[in-house]
Amino acid sequence: MGDGNNRDYALILAAGFSTRMGTCKTTLPWRKGRTLLEYQTEQFLLAGITPIIVLGSHNAHSQIDYPNGSQVVINYKCDRGKTSSILTGLQSLPPEFSTLIISAVDQPRSTRVYQTLLQAYEKQKAPITAVCYGNKLGHPLLFSYKLLPELYNISESKLGLREIVQKFYSEIDRVEFHSDEVLIDLNDRETYEREYSIKKQSS
């Protein structure tokens with residue numbers, strides 16, 4: 001279980017069926033002998049953020065693989081889309097928290113990205129803090145605790161998180177990065193293999 005004194009949380013959405021990838025993304029190798037999901041979990045923990053991992057019924061067996069400090073919940077309705085995983089994860093948040101980062105399993109980021117988001121939030125206290133590269137919003141997004149009612153009200157029919165982003169667009173605190181790391185999205189096998197090759201060469 002996570003640290004009860006912690007106030008910064010993250011949802012790692014890992015309940016998808018990875019149809020375009022052709023294999024479960026959670027188990028793909030990434031860096032330092034870690035799978036994609038193990039890497040993300042560790043990077044959040046290193047940043048002092050409690051990760052809540054949302055798995056689906058098809059990969060629920062993976063829940064024993066994650067380190068102390070992380071939490072795992074199962075979305076048994078994962079066929080209803082990403083929004084259902086977000087709503088499942090929200091149920092594991094404590095009554096009092098400060099920030100929530102929402103990240104998909106195919107959007108791995110280094111600890112530095114998460115630390116930078118937290119630092120920016122502490123300065124501005126914006127409802128949404130977002131990374132960007134070349135004026136393009138990237139991932140993940142950090143949400144203030146004040147937006148919890150908005151998050152509980154999302155649905156696939158209302159575009160999920162996009163509706164909240166659009167509603168608070170003018171209030172987003174944009175944190176500019178000088179690396180396109182914040183735009184990486186491993187949607188398919190070709191993109192994964194290209195980025196994995198780059199990571200292996202740089203490690």
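As a reminder, the structure under discussion sits directly above these lines.
Cut-offs used in this document
Residues numbered from 1 in each chain as written. Predicted model: local features only at pLDDT ≥ 70, side-chain atom pairs only at ≥ 80, totals over all residues. Heavy atoms only, no water. Salt bridge = Lys/Arg side-chain N within 4 Å of Asp/Glu carboxyl O. Helix = DSSP H or I, 4+ residues; strand = E, 2+ residues; numbered from the N terminus. Buried < 20%, exposed > 50% of the residue type's maximum accessible area, 1.4 Å probe, protein only. Core = buried A, V, L, I, M, F, W, Y, C linked by side-chain atoms within 4.5 Å. Pairing = 2+ DSSP bridges.

So, about the pattern of salt bridges. This model, assessed by the stated rule, comprises six salt bridges. Aspartate 106 is the partner of lysine 25 in a salt bridge, and the nearest nitrogen-oxygen pair spans 2.7 Å. Highlighted residues: lysine 25 in the loop between strand S1 (8-14) and helix H1 (36-46) and aspartate 106 in the loop between strand S4 (99-104) and helix H3 (111-124), separated in sequence by 81 residues. Taken as a pair, lysine 25 and aspartate 106 share a single burial class, namely buried. The salt bridge partner of arginine 112 is glutamate 181, with a shortest N-O separation of 3.6 Å. Placement of the pair is arginine 112 in helix H3 and glutamate 181 in the loop between strand S7 (173-176) and helix H6 (189-202), with a sequence separation of 69 residues. Here arginine 112 falls in the partly exposed class, since its relative accessible area comes to 42%.

Attention shifts here to the nonpolar core. Among the nonpolar cores identified, the biggest contains 32 residues, and Leu37, Phe44, Ile49, Ile101 and Tyr114 are the most heavily contacted of them. Sorting the residues of this core by element identifies S1, H1, strand S2 (50-56) and H3 as the ones contributing at least two each. It is H3 that contributes the most residues to this core, six residues altogether. Counting residues in each nonpolar core, the second largest holds 25 residues, with Val54, Val73, Ile128 and Ala130 among its members.

Look at any regular strand and the pattern is simple: side chains alternate between the two faces of the sheet. Pairing analysis gives four bridges linking S4 to strand S6 (residues 136-144), with the strands arranged antiparallel. Paired with threonine 99 across the two strands is serine 144, which belongs to S6. Pairing of strand S5 (residues 128-133) with S6 involves five bridges; the strand directions are antiparallel. In the sheet register, tyrosine 133 faces S6, and the bridge partner there is lysine 136. Taking the residues that link successive antiparallel strands as the turn, the S5-S6 hairpin has two residues, and the phi of glycine 134 there is positive, at about 60°.

None of this, on its own, says anything about what the molecule does.
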